[in-house]
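# Residue-level structure breakdown
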Amino acid sequence: MKKVLRSLILLTFAFVLFGSTYSTSQGALASEQKGQASTMDLKVMTYNLRYLNTTDPSPHTWAERRPAVKKLIEMERPDIFGTQEAVYQQVKEVDEDLKDYEWIGLGREGGSKGEFMAVYYNKHRFSPVEYDHYWLSDTPDEIGSMSWGNTIKRMVTWVKFLDKKTNQQFYFVNTHFDHRSVEAREKSAGLIAEKTKEFDPALPVLLTGDFNTGPGSTPHQTLIKEGSFVDTMDAAAQKVNGHLGTFNGSKDPTGGGPDSRIDWIMTKGNVTTHKTEILNYQKNGQFPSDHYPVLSNLTLHY
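What you are looking at is a predicted structure, and each value in this text was computed from that prediction instead of being measured.

## A look at the confidence of the model for the protein chain
Here the protein chain averages 91 in pLDDT, and 89% of its residues register 70 or above. In the predicted structure, residues 1-33 sits below a pLDDT of 50 and forms 58 contacts with residues beyond four places in sequence or in another chain.

## Quick notes on the packing of aromatic side chains
The tally for this structure, following the rule as stated, stands at 14 aromatic pairs. Judged by centre distance (5.0 Å) and plane angle (55°), the ring pair of Tyr121 and Phe161 falls under tilted. Highlighted residues: Tyr121 in strand β4 (residues 119-122) and Phe161 in strand β6 (residues 155-163), separated in sequence by 40 residues. A residue is classified by how much of its surface remains accessible, and Tyr121, at 3% relative accessible area, is buried. Accessibility expressed as a relative area gives 0% for Phe161, which makes it buried. The cationic tip of Lys195 hangs over the ring face of Tyr134; the distance from NZ or CZ to the ring centre is 5.1 Å.

## Concerning helix α6 (residues 182-195)
Across its 14 residues, α6 extends 20 Å between first and last C-alpha, which sits within 8% of the 20 Å expected from 1.5 Å per residue. Among the residues of α6, those classed as buried are Ala184, Arg185, Ser188, Ala189, Gly190, Leu191, Ile192, Ala193 and Lys195. Summarising the contacts, the buried residues of α6 are in contact with β5 (126-135), β6, β7 (168-176), β8 (205-210) and α7 (218-225).

## A look at empty space enclosed by the protein
Tallied over the full model, the rule gives 2 cavities of 30 Å³ or more. There is about 30 Å³ of room inside the second largest cavity. Residue lining of the second largest cavity: Arg66, Val69, Lys70, Val94, Asp97 and Leu98, and that is the complete set. Contributing elements (two or more residues each) for the lining of the second largest cavity: α4 (62-76) and α5 (88-97).

## Re unusual backbone geometry
The omega angle of the peptide bond from Ser58 to Pro59 is 10°, so this bond is cis rather than trans. Within the secondary structure, Pro59 is located in the loop between β1 (39-48) and α4. In this model, Arg77 sits at a positive phi of 50°, which is unusual for a non-glycine residue. As for its position among the elements, Arg77 is in the loop between α4 and β2 (80-84). Positive phi values are uncommon outside glycine, yet Asn212 reaches one of about 55°. Following the sequence through the fold, Asn212 ends up in the loop between β8 and α7.

## Describing the environment of Thr83
Its location among the elements puts Thr83 in strand β2. On the basis of relative accessibility, which here comes to 1%, the residue Thr83 falls in the buried class. The spatial distance from the C-alpha of Thr83 to the C-alpha of Met117 is 5.8 Å, given a sequence separation of 34 residues. The residues touching Thr83, leaving out its near neighbours within four places in the chain, are Tyr47, Leu49, Phe116, Met117, Ala118, Tyr120 and Asn174.

## Considerations on the side chain of His176
With respect to the secondary-structure elements, His176 resides in strand β7. Residue classification places His176 among the buried positions, given a relative accessible area of 3%. Here the side chain of His176 touches Arg154 through a polar contact of 3.3 Å, side chain to side chain. Reaching out from His176, the side chain makes a polar contact with the side chain of Asn212 at a distance of 3.4 Å. Setting aside its immediate chain neighbours within four residues, His176 contacts Asn48, Gln84, Glu85, Glu115, Met117, Leu136, Arg154, Met155, Asp210 and Asn212.

## Quick notes on the layout of surface pockets
A volume near 250 Å³ is recorded for the largest pocket. Of the residues that constitute the lining of the largest pocket, the class distribution is 4 nonpolar, 4 polar and 7 charged.

## Looking at the nonpolar core
One recurring pattern in soluble globular proteins is that nonpolar side chains are buried together. Judged by nonpolar contacts, the single largest core of 24 residues is most densely connected at Phe161 and Phe170. Looking at this core, the elements with two or more residues in it are β1, β4, β5, β6, β7, β12 (271-278) and β13 (294-301).

## Re the sheet that holds β1
The mixed open sheet is built from 7 strands, whose spatial order is β3-β4-β2-β1-β13-β12-β10. A single partner strand is all that each edge strand has here, and the edge strands are β3 (101-104) and β10 (238-240). Adjacent strand axes in the sheet meet at a mean angle of 20° when their direction is disregarded. Judged from the 3 bridges that link them, β10 and β12 form a sheet pairing that is parallel. The partner of Val240 across the bridge, within β12, is Glu277. Its contacts with the sheet put α4 on β1, β2, β3 and β13, and the angle it makes with β1 is roughly 165°. α5 rests against β3 and β4 of the sheet, and its axis sits at about 155° to β3.

Definitions and limits used
- Residues numbered from 1 in each chain as written.
- Predicted model: local features only at pLDDT ≥ 70, side-chain atom pairs only at ≥ 80, totals over all residues.
- Heavy atoms only, no water.
- pLDDT = per-residue confidence, 0-100.
- Contact = heavy atoms within 4.5 Å.
- Phe/Tyr/Trp six-rings, centres within 6.5 Å; stacked < 30°, edge-to-face > 60°.
- Helix = DSSP H or I, 4+ residues; strand = E, 2+ residues; numbered from the N terminus.
- Buried < 20%, exposed > 50% of the residue type's maximum accessible area, 1.4 Å probe, protein only.
- Lys NZ or Arg CZ within 6 Å of the ring centre and 35° of its normal.
- Expected span 1.5 Å × (residues − 1).
- 1 Å grid on protein atoms, 1.4 Å probe; cavity = no way out; pocket = protein on both sides within 12 Å on 5 of 7 lines; lining within 4 Å.
- Points joined across faces, edges and corners; volume = space filled by probe spheres on them.
- Polar contact = N/O pair within 3.5 Å; in protein donor to acceptor, adjacent residues only side chain to side chain.
- Nonpolar A, V, L, I, M, F, W, Y, C, P; charged D, E, K, R; others polar.
- Core = buried A, V, L, I, M, F, W, Y, C linked by side-chain atoms within 4.5 Å.
- Pairing = 2+ DSSP bridges.
- Axes fitted to C-alpha atoms, helices over the stretch in contact; angles between N-to-C directions.

Right, here's the structure in full:
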């Protein structure tokens, strides 16, 4: 994979789109001279935040939901999480609300335009070593490209992290598949399966996203069979709320049932999933988002 930013356009926006200044590899190289732990424990989350708009009725406007999103994340305290659908204002406001986190992302139309596949991480624990973005199309290096019948641009943000606690590294990949085009979802899964093969095979890969399709679907099976991924809900020793779906539509406490479990955390490599939970937090009829987040407790083995 290409190191850091692929083009001058992305470089132009680097300072806008980082939650803070990018960490150089100098510290990472120094750390590599020290001992490395053989395991890494992580709490990982995926969360579609529902995009900012002027049509959602009270109490589901972003201004009203923002404190609930903050409360949920602070209650669960994931080490790292990927969000989908949030636009730049939301990404920045989540960053303002979460003092222990920094973020990496790019708008799907380039720069700060469009929805972000933002990656938030505990700034006290992790340092980004390498990162990039690509679009879910036949020309993935072309910003804002589309090919497969979708009318909304879809993309991936990935980051290679150094965990300062264990001095080990891993990849984190975050995406949002198309909600209408079956072809786009299927080919998106195939592209991610191929792209992740370009990563260092010795390192674990964590994949989060809103895949807009249920377990057992072709994209789900493509990621498992061609990409060598494992669904953490399937692999978890402890499943919490596994009878729920993840798309609640801001009104359905069941999340549509297990066939509507469209938000996944997947792993590749030597990873143990201890617990996976669909977080169905709500208060007085207010849902923080129209999707439930998913949280997994993992151990990465080296």
